[in-house]
There are 2 protein chains.
Amino acid sequence: MQALKDRIAAEGRNLGNGILKVDSILNHQIDPVLMMQMGEEMAARFTGHKIDRILTAEISGIGPAIATGFVLKVPVVYARKIKPITMSGPVFLETAPSHTKGVNVSLLVAAEFLHEGENVLIIDDFLASGKTLAALARMVVSAKANPIGAGCVIEKSFEDGRDYMVRNGFNFQIESLATITSMDDGKIVLA
Amino acid sequence: MQALKDRIAAEGRNLGNGILKVDSILNHQIDPVLMMQMGEEMAARFTGHKIDRILTAEISGIGPAIATGFVLKVPVVYARKIKPITMSGPVFLETAPSHTKGVNVSLLVAAEFLHEGENVLIIDDFLASGKTLAALARMVVSAKANPIGAGCVIEKSFEDGRDYMVRNGFNFQIESLATITSMDDGKIVLA
């Protein structure tokens, strides 16, 4: 998606250790018009699938998930990382390492918001190691729903997340709106 | 906003101690179509103001802020509660008590995303005590920008947040899309 690639090229910062700063686009400041264009592009990538629901992870997955959900007219559920006081009843719980925090984080979804038999599209801001996407996909499977695919705003392909997904049994369609093939030597190389 | 009130009446749960569960609408699951209608309504309430930027707080403020920002075509900034590794440089830092967590939380906005002289609309999911809104407004003032108003999805008017804002010097326009006047006796009384 060229508009996104242009913004990453202009505003992205390579902080080292594979950390990409895109706070002006995705992780702190949001351009809602670009965000909605991303939602349209994401929805277009999954044309042909019947999608009942979108699952994402707080915090920075929420924007792209809402934009995609608005285009597809389906509910969006965002996995919580800390159990809120309002979360009662059974939950699906998975853990995944946080790329930027260096620790495992919990992902929690109330069972009432993942329904057996539904087709679920997983959306997140980044695809890096694939471990967050896989954790979200495991929740969908736990709910006896169908993870029909995953869409990410930015993929760091050099972290081999797609291979990780396949090795963990998730052979579904994966789409990224921008792919970074290398962050060596302080660069940001866009595919 | 009648569509929102209908959803709160149908799906809201009074968990006691003034805690309202609206996880199916706002805090865990989102209906993106309703969210966009909220954005349109919020933008309409502030017609006549020149708005340059929207400021909200993660997590559940993000949805309504993006929706409003999409209608107004302005950038949205969401205050972080934990400093992400990508946040470098000076920040505006305020604290506010969390209504659902019972502790003070930090609110952090990178100085690069609040600009002197801009007109900033503050958006959040709830207006209860007013302390989060006031913390966000203090950040705007710290940046020498102008907090022109605040819009909340749900106001719990019995917590007197509007009075708190005025007592703290924030006499700007405050709008709520749905107002709950009482949660006594397990009820949810909508204005």
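Definitions and cut-offs
Residues numbered from 1 in each chain as written. Chains lettered and ligands numbered in written order. Predicted model: local features only at pLDDT ≥ 70, side-chain atom pairs only at ≥ 80, totals over all residues. Helix = DSSP H or I, 4+ residues; strand = E, 2+ residues; numbered from the N terminus. Rg over C-alpha atoms; globule rule 2.2 N^0.38 Å. Buried ≥ 20, exposed ≤ 12 C-beta atoms within 10 Å, placed from the backbone. Pairing = 2+ DSSP bridges. Least-squares fit on C-alpha atoms with pLDDT ≥ 70 in both. Contact = placed C-beta atoms within 7 Å. Right-handed = clockwise from strand over helix to strand, strands pointing away.

A. Representation of the overall build of chain A in the model. Along its length, chain A carries six helices and 11 strands. Against the 2.2 N^0.38 benchmark of 16 Å for 191 residues, chain A shows a C-alpha radius of gyration of 16 Å, consistent with a compact globule. By its C-alpha atoms, chain A is 45 × 35 × 35 Å across when sized along the principal axes. Counting only residues that meet the buried cut, chain A has 50% of its 191 residues in that class.

B. Representation of the sheet that holds strand β5 (residues 76–79) of chain A. Across the sheet, seven strands lie side by side as β11(A)-β10(A)-β9(A)-β8(A)-β4(A)-β5(A)-β3(B); this open sheet has mixed pairing. Only two strands of the sheet have a single partner each, and these edge strands are β11 (189–190) of chain A together with β3 (29–30) of chain B. Of the strand pairs in this sheet, strand β8 (residues 119–127) of chain A and strand β9 (residues 146–156) of chain A are connected by eight bridges, and their pairing is parallel. Residue pairing across strands places A:Asp124 opposite A:Cys152, the latter belonging to β9(A).

C. Highlighting the relation of the copies chain B and chain A. Taken as rigid bodies, chain B and chain A are interconverted by a rotation of 180° and an axial shift of 0.0 Å, the fit giving an RMSD of 0.0 Å. Overall, the copies show the geometry of a two-fold rotation axis. Taking the C-alpha atom as reference, chain B places B:Ile59 closest to the rotation axis, 3.1 Å from it. Mapped onto chain A, 100% of the interface residues of chain B are again interface residues, and the two copies thus contact each other with one and the same surface.

D. Here's a closer look at the interface of chain B and chain A. On the chain A side, the residues contacting the 33 residues of chain B number 33 residues. Where the side of chain B that touches chain A is concerned, the elements lending two or more residues are α2 (23–27), β3, α3 (32–45), α4 (62–72) and β5 (76–79) of chain B. It is α4(B) that contributes the most residues to the side of chain B that touches chain A, five residues altogether. Sheet topology note: the β5(A)/β3(B) ladder contains two bridges and is antiparallel. Within β3(B), the residue paired with A:Val76 across the bridge is B:Ile30.

E. The arrangement of the pairing of strand β10 (residues 173–182) of chain A in detail. Residues and elements named next belong to chain A. Note that β9 and β10 share seven bridges and pair parallel. Residue pairing in the sheet places Glu155 in a bridge with Thr179 of β10. As a crossover connection, the stretch from β9 through helix α6 (residues 161–167) into β10 is right-handed. One ladder, built from two bridges, connects β10 with β11; its direction is antiparallel. Bridge pairing in β11 places Ile180 opposite Leu190.

The values are spatial; any link to function lies outside them.
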